[in-house]
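Here are the chains, one letter per residue:
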Amino acid sequence: MKPPPLKNDCFAMPAGVDWTPVDLALDRLRSGLASVVAPTTVDLSQAGGRVLAQDIKALRANPPLANSAVDGYGFAFGAVPDADICELPLVVGRAAAGIPFDGSLPQGHAIRILTGAALPLGVDTVVLDEDTRLDTADAPTKIAFHRGLRHGANCRKAGEDFAVGDVILPKSNHLGAADLALLAASGHNVVPVFKRLRVGVLSTGSEVVPAGSAATEGQIFDANRPMLLDIIGQWGFDAVDLGHVDDDVDVLRDRLNDAVAQVDAILTSGGASAGDEDHVSALLAAEGGLQTWRIAVKPGRPLALALWRGVPVFGLPGNPVAALVCTLVFARPSLCLLSGAGWPARQGFAVPAAFSKTKKAGRREFLRARINGDGQAEVFKSEGSGRISGLSWATGLVELPDDAQDIRKNDLVQFLPYSEFGLRP
């Protein structure tokens, strides 16, 4: 099963749109993109981080049988004497997890039962060890406990968590460790998932050289590629290093042509604007149906989007700060949608500001930020997008809305931790 290709106009904006508000850009991406990966199956042990290709129904109930939630003594509630202190004779034997009691409990008797043991026939209530007294420690024949225990106490009903046939995980769920436990408990050892989205990362620009190499005056080290490759891996996708190309249209064309056989989506950094050496934009405009979105966002603004031989290309800004923000805000939900995982909502929470700022209307702003010891959001000392150290200093972003704001210390602002973007804290 191969999904249909994306439409050639999937990145087209409505006529007349110049500066694109963030929410309009996100809505357009959400409506224009769809999953591009085919379903497959993997063993449960290999399913972590994968995306479910269909709803999962329980093959077995949990618990499969009614069982005891504690170590204690089981009996029929209706057989308990109507007295302040209840005494019941003990039967020989016990019920333990995986070792059921062979037979049924006689009316008016009790049986030793351990946590997780299936309730024997005739048992519907369990009293805790700590709430009982035995007539003798060595070979007890009777137990005693105070009245007041409710019917069904300390017992788990069969299927009280989920029954056979219940949908336990929905299609497009991104599987984590807890989901694997749920799949195993419900009887699954083979899981239907989507193939991993393969995302290529390509750096561009003659001024960019690999980190650690001999950089001449005017050259800069490639900070974007290692950052983006790691982010792609954290999101559970296959990160494909497409390397770096200089400002050469022919070399760039060849690299993109080679890439489409290896990947399902491409992130480029640099060359996304409209300058003389912005060859990414020029080539995509000539041969890839380029749509250049001037997004009303800070940092960021230029975002080049195209289909190269049917593969979506996200042309990110070359500045690492802007590249990270655009990746988290625009590329992440788009790639999740392409991977079959659906469109993730951006989650944040309101916290008091540890800063003051007067913001003009017209652009969405994302400030590098972290939570201080007083539970306030403090922002990096400089808003300059060239300050790469602020990315490492921060643990998230403060999102300021499009309209004008006069923020004073202790005003509530929206904090988006990196973890909400699927990144390690």
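One can find the structure itself at the top, above this paragraph.
Quick notes on the rules
- Residues numbered from 1 in each chain as written.
- Predicted model: local features only at pLDDT ≥ 70, side-chain atom pairs only at ≥ 80, totals over all residues.
- Heavy atoms only, no water.
- Buried < 20%, exposed > 50% of the residue type's maximum accessible area, 1.4 Å probe, protein only.
- Helix = DSSP H or I, 4+ residues; strand = E, 2+ residues; numbered from the N terminus.
- Arc of directions from axis to C-beta.
- Polar contact = N/O pair within 3.5 Å; in protein donor to acceptor, adjacent residues only side chain to side chain.
- Pairing = 2+ DSSP bridges.
- Axes fitted to C-alpha atoms, helices over the stretch in contact; angles between N-to-C directions.
- Parallel < 35°, antiparallel > 145°, perpendicular 65-115°, else oblique.
- Left-handed = near helix turned anticlockwise from the far one by under 90°.
- Contact = heavy atoms within 4.5 Å.
- Nonpolar A, V, L, I, M, F, W, Y, C, P; charged D, E, K, R; others polar.
- Core = buried A, V, L, I, M, F, W, Y, C linked by side-chain atoms within 4.5 Å.

Topic: helix α4 (residues 249-259)
- The complete set of buried residues in α4 reads Leu-252, Leu-256 and Ala-259. Along the axis of α4, the buried positions cluster into a sector of 60 degrees, meaning they face one direction only.
- Between the side-chain oxygen of the N-cap and the backbone nitrogen of Asp-250 there are 3.0 Å, and the N-cap of α4 in question is Asp-248.

Regarding the pairing of strand β21 (residues 302-308)
- Most of β21 is tucked away: seven of the seven residues are buried.
- On β21, burial covers both faces: Pro-302, Ala-304, Ala-306 and Trp-308 on one face and Leu-303, Leu-305 and Leu-307 on the other are all buried.
- Here strand β19 (residues 291-295) runs beside β21; their pairing, made up of four bridges, is antiparallel. Across the sheet, Gln-291 pairs through a bridge with Leu-305, a residue of β21.
- Relative to strand β22 (residues 311-316), β21 runs antiparallel, the two being bridged by five bridges. Bridging from a neighbouring strand, Ala-304 pairs with Gly-315 of β22.
- Linking β21 back to β22 in an antiparallel pair, the connection comprises two residues, with Arg-309 at a positive phi of about 50 degrees.

A closer look at the packing of helix α1 (residues 22-32) against helix α6 (residues 320-338)
- Contact geometry of α1 with α6 gives a least axis separation of 10 Å together with a crossing angle of 15 degrees. Considered as vectors, α1 and α6 are oriented roughly parallel to each other. Between α1 and α6 lies a crossing of right-handed hand. Facing Val-22, Ala-25, Leu-26, Leu-29 and Arg-30 of α1, the residues of α6 in contact are Val-329, Phe-330, Pro-333, Ser-334 and Leu-337.

Some words on the sheet that holds strand β9 (residues 133-134)
- On the basis of which strands lie adjacent, the open sheet formed by six strands has the order β8-β5-β7-β6-β10-β9 and mixed pairing. On the outer flanks of this sheet lie β8 (125-128) and β9, each paired with one strand and no other.
- Here strand β5 (residues 72-75) pairs with strand β7 (residues 110-113) via four bridges, running antiparallel. Within the sheet, the bridge partner assigned to Tyr-73 lies in β7 and is Arg-112.

Focus: the packing of helix α3 (residues 224-234) against α6
- In the contact formed by α3 and α6, the axes pass within 11 Å of each other and the chain directions differ by 25 degrees. The orientation of α3 relative to α6 falls into the category roughly parallel. Considering the relative orientation of α3 and α6, their crossing is right-handed. Each of Asn-224, Met-227, Leu-228, Ile-231 and Ile-232 in α3 lies in contact with α6, whose residues at this interface are Pro-320, Ala-323, Leu-324, Thr-327 and Leu-335.
- Broken down by class, the residue content of the contact of α3 with α6 amounts to eight nonpolar, two polar and no charged.

Remarks on the sheet that holds strand β14 (residues 198-204)
- In spatial order, the strands read β1-β19-β21-β22-β18-β14-β17; together these seven strands make up an open sheet with mixed pairing. One side of each edge strand has no neighbouring strand; the edge strands of this open sheet are β1 (19-20) and β17 (238-245).
- With respect to the sheet, α1 is in contact with β1, β19, β21 and β22, its orientation differing from that of β19 by roughly 150 degrees.
- Of the strands in this sheet, β14, β17, β18 (265-269) and β21 touch α4, which is tilted by about 165 degrees from β17.

Some points on the pairing of strand β29 (residues 412-417)
- Here four bridges tie strand β23 (residues 349-352) to β29, and the two strands are oriented antiparallel to one another. Along β29, the bridge assignment pairs Val-351 with Val-413.
- Relative to β29, strand β27 (residues 396-400) runs antiparallel, the two being bridged by four bridges. Along β29, the bridge assignment pairs Leu-397 with Leu-416.

Looking at the nonpolar core
- The biggest cluster of nonpolar side chains holds 56 residues, and the ones touching the most others in it are Leu-29, Leu-33, Phe-330, Leu-335 and Leu-338.
- Going through the elements one at a time, α1, β14, α3, β18, β19, β21, β22 and α6 are the ones with two or more residues in this core.
- The element best represented in this core is α6, accounting for 13 residues.
- Leave out the neighbours within four places in its chain, and Phe-330 touches Val-22, Ala-25, Leu-26, Leu-29, Ile-295 and Leu-303.
- Within the second largest apolar cluster, 18 residues are counted, among which are Leu-256, Ala-259, Val-263 and Ala-306.

Re the side chain of Arg-225
- Mapping Arg-225 onto the fold places it in helix α3.
- By relative accessible area, which is 14% here, Arg-225 ends up buried.

That is the geometry; function is a separate question.
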